[in-house]
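# Chain and residue survey
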Amino acid sequence: MPIAKAQVIAPPRCGGMLAALVSLACLLLGAPAAVAAADAGAAREAELAQGSLWYLGEDGGYRQALPLHTRVEMQVTGLVNRVRVIQSFENPGQDWLNGEYRFPLPNEAAVDALRLMLGERIIEGRIQAKAAARQSYETAKVQGRRASLVTQERPNIFSTEVANLAPRETMTVEISYQETLNYLDGEVGLRFPMRITPRYSPRRSGAADDSPAYDPEASLEDKQEDRQEDRQTDEQAGSGWAAAQSESGEWLMGATEPQPGVDIRVRLAAGFPLAEVTSPYHGITRTEQPDGSTEISLTEAAIANRDFVLRWRPQALSGVEVTMFNQPGRTHAASAQSQPPAEDQGTGAEDEARYALVMLMPPGASDRHPDPVPRELILVMDTSGSMAGDAMEQAKQAMAQALSGLRPQDSFNILAFSNDVNAFAAGALPANSSNLSRAQDFVAALTADGGTEMTPALLRALAAAGQQQLRQKSRQKLRQIIFMTDGAVDNEAALFRLIAEHLGSSRLFTVGIGPAPNSHFMQRAAELGRGSFLYIGKQAEVASQMQTLLGKLALPVVTDIRLEYPDASVPDYWPRRVTDLYRGEPLLISLKQAADSPRELRVSGKVDGQFWQRQLFLGEALPGSGLDILWARKQLAALELNRTQANAAEVKAAVTALALDYHLVSRHTSLVAVELTPARQAGEPTREAQVRQALPWGWQPAPGSLPQTATASRLEILLGALLIGLAALLALSHRGRAGANSRWQG
């Protein structure tokens, strides 16, 4: 029996396993490799023939990369910026292409015009409901007609699609939008985003999805629109960084592929002499024009991997407290889809509505400075994986700067978050030297890793529910929250609702960190939090920018601001919840007035706890343009923020009607331009192509992210692992056989 046991079939069993693995290796080296080689060979042959690049998409198939060049032309008048984005799609190959490009725009961009340019021909875009625009585009695509479709995926993320791009042809798409600019401490600034930061999909608490409009009984069309905004399936929801790449397109990981380029020109009519014009992240050339304006251009075409920022400062400021611009009527004629029949249009009072932009200026530097009020400052810092690299160093430096600005009468706490919240203390601590020293050590030890689970951090910072009662005794302290992040999340709607519901008397200020932060989240969260948004793009700016922010937070000038007519009725203005007025930073308020509305407007609030009021006479306003577009964009944003499961259908109808009326791209409307005559003959095949994007400047991808290129790397990795396993089994087989022989001989 011992001998029989020693003879055990270990070596034969190992040999059988070995034979099976060898057979498997043959299979892997055979059919799949042959298929992969055939696909890769065909792709490479096409690439060599056409001079274009191919890449391996998420679905495992090869897709053609579509070269793109973007030209941006800006016309700045005062604090209003009119922008033309010209995208030139080039087909370097021999096949007809249908292409797509996803790109960011400023959060407040009101996109209202589209032009498709084919040589000297120009086709003007039309605003349509999203489903109708999609149908128009797809029909033209099938019929061989050139077409373009501009769609909003998120409030600050858009896509351009082009159909039937002929071989060796360039198709140009021009998009126009309008925005207001920021004015802070005597300096005006604009920011043009160039890259979509990959976003994290947080864990979901239930099946009901974070979309405020989730409705299991919604129509298929509605569900498709909702899902298009998120760009992810139910299986991807809550899967961390898994869905990030699909939203922003497969980003470029190598330097051998053509990087998407951008050329920017700005015609600056500031309305006052300029002391300086600077761009912190790009080289610029400044040329004075005969009409008194200034032309700004890039010294060289830039790679679209970090945001373009331009700032200018006047030589001297006037003592005017309020500046107003006025516009009668609309920029675009009301859409035929939304106009009532001619016999039902009445007197046309709607067309005679006036639109205004009111700028409320804070007191000048020579005015009395009140004593800074004691503050409870909550510092929240994003330490997720998307912050790795330069962004993390900027955030740490900004946090240290914020701690150094605290005064003895202040209190503070620090919350760091990624997958979980890491609190410095259980509650706010006095800002004494001992606590500040420990806080600096706490910040220095933080590292970037994990997901961006922002909800628990916001809830903790806002101290919702029972903690609100505990602060009733310390109401004399002004409670401010500074939230530092790149905003790389995809559940903005749920976060906005959380802020609106739990803000209380707190004020929320967001600090965007990194080369391309999610400006939609950052700016809208600050607006809902009755605070402001600050952008820091490099470490050299941290000290000055944070010093400016902290100085502003210490001296609020006017709080609890309201607008009303002399009869106490409330005008139609946005934002509805006006933020506090701080020294060095004006407030911009968009209004719509009926033709018979009062010409006098009262602005009131509190200064040092006392009632304050000013009267504005709108009839004295300066002429302006595009003010109706700015007002409509603000109202669209407000409607979307109030969308819930219960009112989803009503909000959709209101958004669609408003956007059609004002010719705006929205969540439920798109711009489409279609050529009348077919260009591609029936039966000629087409290929799908996509514009690939550069990795954000200084950004380090999350661990586990691998470049996906048109090679057999995955197969080679698998075969390598298999061969290592075979070698290990051969070694075990040899040792097992030797052991069995020794036991037999023994």
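Residues numbered from 1 in each chain as written. Predicted model: local features only at pLDDT ≥ 70, side-chain atom pairs only at ≥ 80, totals over all residues. Heavy atoms only, no water.

### Points about the overall build of the chain
Across its full length, the chain holds 16 helices and 39 strands. Classification of the 746 residues of the chain by burial places 53% in the buried group. (Helix = DSSP H or I, 4+ residues; strand = E, 2+ residues; numbered from the N terminus. Buried < 20%, exposed > 50% of the residue type's maximum accessible area, 1.4 Å probe, protein only.)

### Focus: the side chain of Ser532
Relative to the assigned elements, Ser532 resides in the loop between helix H12 (519-528) and strand E29 (533-536). Contacts of Ser532, omitting those with residues within four sequence positions, involve Leu508, Phe509, Thr510, Ala526, Lys552 and Glu585. (Contact = heavy atoms within 4.5 Å.)

### Quick word on the packing of aromatic side chains
A full pass over the atoms with the stated rule returns 10 aromatic pairs. Taken together, Tyr101, Phe103 and Phe158 form an aromatic cluster joined through their ring pairs. The ring of Tyr535 is capped by Arg191, whose NZ or CZ atom sits 4.8 Å from the centre of that ring. Above the face of the Tyr662 ring, Arg330 is positioned so that its terminal group lies 4.5 Å from the ring centre. (Phe/Tyr/Trp six-rings, centres within 6.5 Å; stacked < 30°, edge-to-face > 60°. Lys NZ or Arg CZ within 6 Å of the ring centre and 35° of its normal.)

### Let's talk about the environment of Thr677
Locating Thr677 in the fold gives a position in the loop between strand E37 (669-674) and strand E38 (686-690). C-alpha separation for the pair Thr677 and Gln143, spaced 534 residues apart in sequence, amounts to 9.3 Å.

### As for the pattern of salt bridges
As enumerated under the stated definition, the model contains 36 salt bridges in all. For Arg115, the salt bridge identified is with Glu124, shortest N-O distance 4.0 Å. Between Glu492 and Arg154 there is a salt bridge whose closest N-O contact spans 2.7 Å. Separated by 338 residues along the polypeptide, Glu492 in helix H11 (residues 492-502) and Arg154 in strand E9 (residues 147-154) bring together distant segments of the chain. (Salt bridge = Lys/Arg side-chain N within 4 Å of Asp/Glu carboxyl O.)

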